[in-house]
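# Architecture at a glance
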Amino acid sequence: MRDETVEALTPKSDLKPANENPWYVLMTLEGEQEGEEIDEELHKRNVKLWNLYSQVVSGTSAVERTRKHGLVFEAGGTPGVVTRQIEERFQEQWEKRNGPDAPAQTIPRPHDQVDLSGTDFVKLFSANNFYFHSDLNLKGSKFQNDALFIKCGFAKKVDLSGTEVAGSAHFADSCFTSDFLAEAFKVDGRLVLNDVAVDGDLDLKKVSVTGSSLLEKLKVKGCAVFNQGSFVQTCIFDGGEFTDSASFDFTVFNGKTDFKQVTFGGPASFVWTRFGADTSFASSTFEKDVTFRISTFIKRADFPNVQFKGITDFAESKFHTPGTISIAGVRFTDAIFSKSASFRGTLFSRSYPEFTNTDLYPVTDFTADAAHWPKGMTTPAKEARESCGIIRNLLAKKGLTEDQHFFFRREMYFASRHEEPLRRLPYQVYRYFSDYGHSIARPVIGLTIIWAFGFACFWGYLASCCVPSPTEIIDHPMGTAMALSFSNLFPLFGFGRTFLSEVLNDLPTSLSVLSGVQTIFSLPLLFFLGLGLRQRFRLR
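Here is a short report on the structure shown in this document. (Residues numbered from 1 in each chain as written. Predicted model: local features only at pLDDT ≥ 70, side-chain atom pairs only at ≥ 80, totals over all residues. Heavy atoms only, no water.)

### Observations concerning the overall build of the protein
The condition that has to hold: Strands are runs of DSSP state E lasting at least two residues, helices are runs of H or I lasting at least four, and both sets are numbered from the N terminus onward. Between buried and exposed lies partly exposed: a residue is buried under 20% and exposed over 50% of the maximum accessible area for its type, with that area taken using a 1.4 Å probe on protein chains only. Contact between two residues is taken to exist if any of their heavy atoms lie within 4.5 Å; hydrogens are not considered. Reported accessibility uses the Shrake-Rupley method at a 1.4 Å probe radius. Residues are deemed covered only where the shown protein chains occlude them.
In terms of regular secondary structure, the protein is built from 12 helices and 45 strands. Going through the 540 residues of the protein one by one, you find that 51% of them count as buried. For the protein, restricting intrachain contacts to residue pairs at least 6 apart in sequence, the fraction spanning at least 24 positions comes to 41%. Surface exposure of the protein reaches about 24900 Å², of which carbon and sulfur atoms provide 53%.

Structure below.
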């Protein structure tokens, strides 16, 4: 992959008209395309002359490679020999298009670089079925209409860096036996790279496509770079193969994006990538490490049946889509994580991820922080409960008891939503009075309220402020009331029978009932308090 910075796009005033470029004249010896549709007969004649001149020699490695891709080019000519017919035809067209006073121009040599850089293509340009024996240089050029390179064979490097296409750019079914460089390539229409084979590196850094992008069955053997790209509409990579590394860092996909059944043979990177619409990686395979660190998914994110064979990193990513009543907004169903995975710091703002039948590696990190998970009820609730249970079990095996209980509380919350109102009551009591066994403060506050209420009632009675009043005067009514109410909360210790038996025996019926009620309500609160203390201080 080249390291040099792409040259700045040539100012429009400095662009050379296409007919002043000898390579363009040579490619259109039989005439230019004048209308909005391709004149197929005219184009066939241009293809024949060009491929004859390019000297497509059967048996060469490049030709055989394109043949394996399903492309067959007409063989003809002898290397180093330029036919008199093509020479005469070129001189005739050069004078016709540039005038008799134009400087003389010799016909380009077949093995020289095809230099079309800085050229302004006003008319529809079609190089369909052309075979390029040498490097093709289109840097900084401008296509006012479509740029058509369908079923082409490229024996050497192709460079479209800084090129602009006002229409669509079509490269479908073409074969690049070397590098395909198109940094800062701008397409106002569609970009079509369906069934394209690139044996070298593919550089689409800073590419900008306003229309839809179709890259189905794209096969790249070298490094593939899409960093800082912008895809405004639908972008399809289905069935593609990236043998080496593939990088989509800082790329923006605003439309529906599909990477279904794609094979990533090398490391894959989606750092700071933004997916603005529904995104799917269904049935894809990541043979090596993959990172989606700090990426953002605005709509649905699907990873069903995906095989993550290397280390997987979703740390600090953001998933913002809500689920529906039947489908979660984030799905990893039936996925396989063969190595460690990280969801540390990942934000699931409106939907829990679905991990139904997912094989998670034991070393998988999740952040147990309420700020990173949906608040309240989400849909689908059943799948959310299952996912919380799966994560809880995973964290339990790692001995992270506090994190485990975080997801246990959410699992209990969703479980309660599936029950009938009457059966839901125990869950609600468990939640409100102990936060599902996690809170120490809640049961303490409950016990304090029960004690304070009993204390107030007993004090009023013992201080003879109410009717009925005790038969004998109590020396310390306030302290006795405090102790009596306290003993009712802890009957197992026997404080009441040991120190306050006389007072208890003289209590009126109403306060005896109150004592019993205090004892009944204190028992579950004491149990909840024990759960909270155990959860807070237990070690494994």
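This is not the end of the story, as more comes after the structure.
### Some points on unusual backbone geometry
With a phi close to 60°, Ser283 is a non-glycine residue in the positive phi region. Following the sequence through the fold, Ser283 ends up in the loop between strand E32 (279-280) and strand E33 (285-286). By relative accessible area, which is 34% here, Ser283 ends up partly exposed. Positive phi values are uncommon outside glycine, yet Asn357 reaches one of about 60°.

### Focus: helix H8 (residues 441-462)
Formally: What a helix is expected to span follows from its residue count: subtract one and scale by 1.5 Å.
Compared with the 32 Å implied by 1.5 Å per residue over 22 residues, the 31 Å span of H8 between its first and last C-alpha is a close match. The set of residues buried in H8 consists of Pro443, Gly446, Leu447, Ile450, Gly454, Phe455, Phe458, Gly460, Tyr461 and Leu462.

### A look at the packing of aromatic side chains
Worth spelling out the cut-off: By convention, a stacked pair of Phe, Tyr or Trp rings (six-membered ring in the case of Trp) has centres within 6.5 Å and planes under 30 degrees apart, an edge-to-face pair has planes over 60 apart, and any other such pair is tilted.
A complete count under the given rule lists 75 aromatic pairs for this structure. Each ring, one from Phe337 and one from Phe343, has its centre 6.4 Å from the other, and the planes form 65°; the classification is edge-to-face. A single burial state applies to Phe337 and to Phe343, both of which are buried.

### Section: empty space enclosed by the protein
For clarity, the cut-off: Site definitions follow a grid-based scheme: protein atoms alone, a 1 Å grid, a 1.4 Å probe that fits but cannot get out for cavities, and for pockets an open set with protein on both sides within 12 Å along at least five of seven lines, plus lining residues having an atom within 4 Å of a point. Grid points are joined across faces, edges and corners, and a volume is the space filled by probe spheres set on the points. Under the grouping applied here, Gly and all other residues not named as nonpolar or charged are polar, the nonpolar ones being Ala, Val, Leu, Ile, Met, Phe, Trp, Tyr, Cys and Pro and the charged ones Asp, Glu, Lys and Arg.
Summed over the entire model, instances satisfying the criterion amount to 4 cavities of 30 Å³ or more. Considering only enclosed or pocket space, the largest cavity measures out at about 60 Å³ in volume. Residue lining of the largest cavity: Tyr24, Thr28, Gly31, Gln33, His43, Asn46, Leu124, Phe125 and Ser126, and that is the complete set. At the level of elements, helix H2 (40-53) and strand E4 (125-126) are the ones that each hand at least two residues to the lining of the largest cavity. Taken together, the residues of the lining of the largest cavity break down into 3 nonpolar, 6 polar and no charged. As a volume, the second largest cavity reaches approximately 40 Å³. Trp23, Trp50, Tyr53, Ser54, Pro110, Val114, Phe132, His133 and Ser134 are the residues that line the second largest cavity. Here the lining of the second largest cavity is composed, by residue class, of 6 nonpolar, 3 polar and no charged.

### Some thoughts on the sheet that holds E33
Note the cut-off: Between any two strands, pairing holds if DSSP finds at least two bridges.
Ordered by their spatial adjacency, 10 strands build an open sheet running E5-E9-E13-E17-E21-E25-E29-E33-E37-E41, and the pairing between neighbours is parallel. If you trace the sheet from one side to the other, it starts and ends with strand E5 (131-132) and strand E41 (336-337), each paired once. In this structure, strand E21 (residues 219-220) lies alongside strand E25 (residues 241-242), joined through 2 bridges in parallel fashion. Opposite Val220, over in E25, you have Phe242 as the bridge partner.

### Regarding helix H12 (residues 509-537)
Filter applied, for reference: A residue's bend is the angle separating two fitted axes: one through the seven residues that end there, the other through the seven that start there.
Here H12 spans 42 Å end to end across 29 residues, near enough to the 42 Å set by a 1.5 Å rise per residue. Of all the bends in H12, the greatest, near 25°, is centred on Ser522, and the proline Pro524 appears no more than four residues after it. Residues of H12 that are buried: Leu511, Leu514, Ser515, Gln518, Ser522, Leu525, Phe528, Leu529, Gly532 and Gln535.

### Some words on the side chain of Ser284
The topology assignment puts Ser284 in the loop between E32 and E33. Once residues within four sequence positions are removed from consideration, Ser284 is found in contact with Phe259, Lys260, Gln261, Val262, Asn305, Val306 and Gln307.

### As for the packing of H8 against H12
Here is the rule we go by: Axis lines are fitted to C-alpha atoms, over the contacting stretch for helices. Their N-to-C directions set the angle, which ranges from 0 to 180 degrees. Comment on the angle field: the value is read as roughly parallel under 35 degrees, roughly antiparallel over 145, roughly perpendicular from 65 to 115, and oblique elsewhere. Handedness of a crossing is defined here by the sense of rotation of the near helix relative to the far one, left-handed for an anticlockwise turn of less than a right angle and right-handed for a clockwise turn.
Packing of H8 against H12 leaves a shortest axis separation of 9 Å and a crossing angle of 165°. In terms of orientation, H8 lies roughly antiparallel with respect to H12. Here H8 runs over H12; the crossing is left-handed. Note on element contacts: H12 touches H8 through Leu511, Leu514, Ser515, Gln518, Phe521, Ser522, Leu525, Leu526, Phe528 and Leu529, opposite Pro443, Val444, Gly446, Leu447, Ile450, Trp451, Phe453, Gly454, Cys457, Phe458 and Tyr461. Looking at the contact of H8 with H12, its residues break down into 16 nonpolar, 5 polar and no charged.

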